[in-house]
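As a plain string of letters, each chain reads:
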Amino acid sequence: MHALLPTTATLPLFDIAASRRIEARALVHSPDLMERAGLAVAKLALALRRGDGPVWVVCGPGNNGGDGRIAARRLAEAGVAAHVGHAAPERPSLVIDALLGLGLSRPPNAEMLATMAAMQACSAPILAVDLPSGLLADTGQPAGERAVRADHTLVLLTRKPGLFTGEGRAHAGRLWFDDLRVAPDEAPTADLLGPAAQPHRSPTSHKGSHGQVLVVGGAPGMQGAARLAARAALACGAGRVYLDLLNSRPDEATDPGQPELMRGTPAELPNALGVIGCGAGPAIAHALPALLQQLPRLVIDADALNAIAADPSLQGLLRGRPASATLLTPHPLEAARLLGLDTAGVQADRLRAAQELAGRLGCTVVLKGSGSVIASPDERPAICASGGPALATAGSGDVLAGWLGGLWAQQPGASAHRIACAGVDAHGRAGEVDGVLRASDLIARLPDGR
Ligand SMILES: NC(=O)C1=CN([C@@H]2O[C@H](COP(=O)(O)OP(=O)(O)OC[C@H]3O[C@@H](n4cnc5c(N)ncnc54)[C@H](O)[C@@H]3O)[C@@H](O)[C@H]2O)[C@@H](O)CC1
Ligand SMILES: Nc1ncnc2c1ncn2[C@@H]1O[C@H](COP(=O)(O)OP(=O)(O)O)[C@@H](O)[C@H]1O
């Protein structure tokens, strides 16, 4: 058993169907899986309980409840009072939530909701078994009006995608994992991102070796967005970074605070990697047909995504681009516009929404938000568990777009999917600070992308 985050390597995630298959095959050789699960829960409970009071074990009707009952027996064997039932004992030292796990199949009824509310009202920490009760393992959304908000979750046998995206992070608390000594014997449903290896930077390299980035955006009043993207591409290590500020005066400074940035246009830089849309406003719509047809690699963000959502002919141009040449970075509302859904429809199943969008438009998609999802045609999707609420600040998405552009400019042979995985994870890790972060500070925190 060990803490799951931060990850030091990319790890496999398995959805409910895959977890069931793995469990069924493992049970043939290891019929004592539930004993192992209960023992692991009891061990963690002993480490987590606060004070000397009894442990309250809330068991449901299925195997999740079975794990809880075994944990209660093991705790009793260790000399700790374990109270199994749906009413809280006096001053519990810990609550074990073994009400519902992988088998959650419908919104919890009133009785279940009342038990969940009673657990939540307890002052003792909550340890969820496998999943916080009421949270859907595949999507990270509550099945009904609420799911348990645990302080800790001990994930068993397989890591489930819903723990890392959508509402999963907010409900699971600190994540622990025990594989119950079973090695998964099928391909994962998705990857949980670990840190990417840094690309090599040759001692004889020169600025021409590290690519060109052209940032197109920053209409009057929103120039900061494009400047943040350009600064991030520069900080990442791109050899040359140019800005094309939309509707700017010819004598307007590109970025007074960043003298390394240069002015450039798509016509002058036909081989540059384009980062387009940051702070662009509606004016980007006119520039998009040429950008989509001319620039070999594109990171498309913000207003460029909205313009594409509103214009089927731009969607056609996007679909006509070569494979692995385009990376879209929508937040949930932008993704909803592109899919013709509302935001709730996207958030209801983020993995599926990102895959659907990637398939429809033939692009790599980074669906941003807690647990960003990376999806591409013909690639296994990935979920990024790094990042946190410090990233919920204006401009952090512009920094991401610029960072992705800077990484990709330096690695022209890498697929859009690989760049997205590497860049999103680095961006998330740089954003893991207590309190608040300004987008420009985020650039300083990002490791250089060599
Ligand atoms: N079988 C084994 O050996 C192992 C089982 N494990 C545990 O088993 C769990 C899965 O067990 P189950 O498949 O029995 O699933 P659960 O225990 O999660 O739930 C299934 C039961 O809950 C009921 N139910 C589902 N949704 C409900 C709702 N909204 N309101 C009321 N009742 C509802 C179902 O009708 C069924 O009776 C895992 O999450 C994990 O905790 C793991 O320990 C691995 C080993
Ligand atoms: N609570 C959070 N947890 C993890 N990442 C977050 C969170 N809030 C925001 N982010 C990340 O911050 C970035 C915000 O991007 P975006 O919404 O486009 O902002 P902006 O347009 O202001 O730059 C995305 O990469 C998103 O995934």
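Quantities reported herein were computed from a predicted structural model and do not represent experimental measurements.

Draft legend 1. Spatial organisation of the environment of arginine 181. Relative to the helices and strands, arginine 181 resides in the loop between β8 (174-178) and β9 (190-192). Owing to 11 C-beta atoms within 10 Å, arginine 181 belongs among the exposed residues under this scheme. Each C-alpha atom of the pair arginine 181 and aspartate 251 lies 66 Å from the other, and the pair is 70 residues apart in sequence.

Draft legend 2. Expanded view of the site of ligand 1. Around ligand 1, 27 residues are found, and the nearest of them are Ala37, Gly62, Asn63, Gly101 and Gly103. Within the residue set of the shell around ligand 1, elements represented by two or more residues are α1 (16-29), α2 (33-48) and α3 (63-77). With 4 residues, α3 is the single largest residue contributor to the shell around ligand 1. In terms of residue class, the shell around ligand 1 is built from 14 nonpolar, 9 polar and 4 charged.

Draft legend 3. Summary view of the nonpolar core. Ranked by size, the top nonpolar core spans 144 residues in total, and within it Ala45, Ile96, Val215, Ala229 and Ala233 carry the most contacts. Looking at this core, the element that brings in the most residues is helix α6 (residues 223-236), giving 10 residues. Viewed by domain, this core spans two of them, domain 1 (2-187) and domain 2 (207-445), each represented by three or more residues.

Draft legend 4. Examining unusual backbone geometry more closely. Cis geometry marks the peptide bond from leucine 5 to proline 6, where omega comes out at 0°. Counting through the fold element by element, proline 6 comes out in the loop between β1 (2-3) and β2 (11-13). A positive phi angle is found at leucine 157, which is not glycine, with a value near 70°. With respect to the helices and strands, the residue leucine 157 is situated in the loop between β7 (152-156) and α5 (168-172). Located in the positive-phi region is arginine 181, a residue other than glycine, with phi close to 60°.

Draft legend 5. The arrangement of helix α12 (residues 350-361) in detail. For α12, with 12 residues, the first-to-last C-alpha span of 16 Å sits near the 16 Å given by 1.5 Å per residue. Within the sequence span of α12, burial applies to Arg350, Leu351, Ala353, Ala354, Gln355, Leu357, Ala358 and Leu361.

Draft legend 6. Structural detail: the domain arrangement of the chain. When its domains are assigned, the chain resolves into domain 1 (2-187) and domain 2 (207-445). Between the C-alpha centres of domain 1 and domain 2 there is a distance of 38 Å. Counting from both sides, the interface comprises 13 residues of domain 1 and, opposite them, 11 residues of domain 2. Counted by class, the side of domain 1 that touches domain 2 contains 5 nonpolar, 7 polar and 1 charged residues.

Draft legend 7. Summary view of the sheet that holds β7. The mixed open sheet is built from 7 strands, whose spatial order is β1-β8-β7-β6-β5-β3-β4. For this open sheet the edge positions go to β1 and β4 (82-84), each flanked by a neighbour on one side alone. When strand β5 (residues 94-98) meets strand β6 (residues 126-129), the two strands line up parallel, connected through 3 bridges. Looking at the pairing, aspartate 97 lines up with alanine 128 of β6. Sitting on the sheet, α2 is in contact with β3 (55-59), β5, β6, β7 and β8, with an inclination near 160° to β7.

Conventions and cut-offs
- Residues numbered from 1 in each chain as written.
- Chains lettered and ligands numbered in written order.
- Predicted model: local features only at pLDDT ≥ 70, side-chain atom pairs only at ≥ 80, totals over all residues.
- Helix = DSSP H or I, 4+ residues; strand = E, 2+ residues; numbered from the N terminus.
- Buried ≥ 20, exposed ≤ 12 C-beta atoms within 10 Å, placed from the backbone.
- Near = placed C-beta within 6 Å.
- Nonpolar A, V, L, I, M, F, W, Y, C, P; charged D, E, K, R; others polar.
- Core = buried A, V, L, I, M, F, W, Y, C linked by C-beta atoms within 7 Å.
- Domains from an automatic or database assignment.
- Expected span 1.5 Å × (residues − 1).
- Contact = placed C-beta atoms within 7 Å.
- Pairing = 2+ DSSP bridges.
- Axes fitted to C-alpha atoms, helices over the stretch in contact; angles between N-to-C directions.

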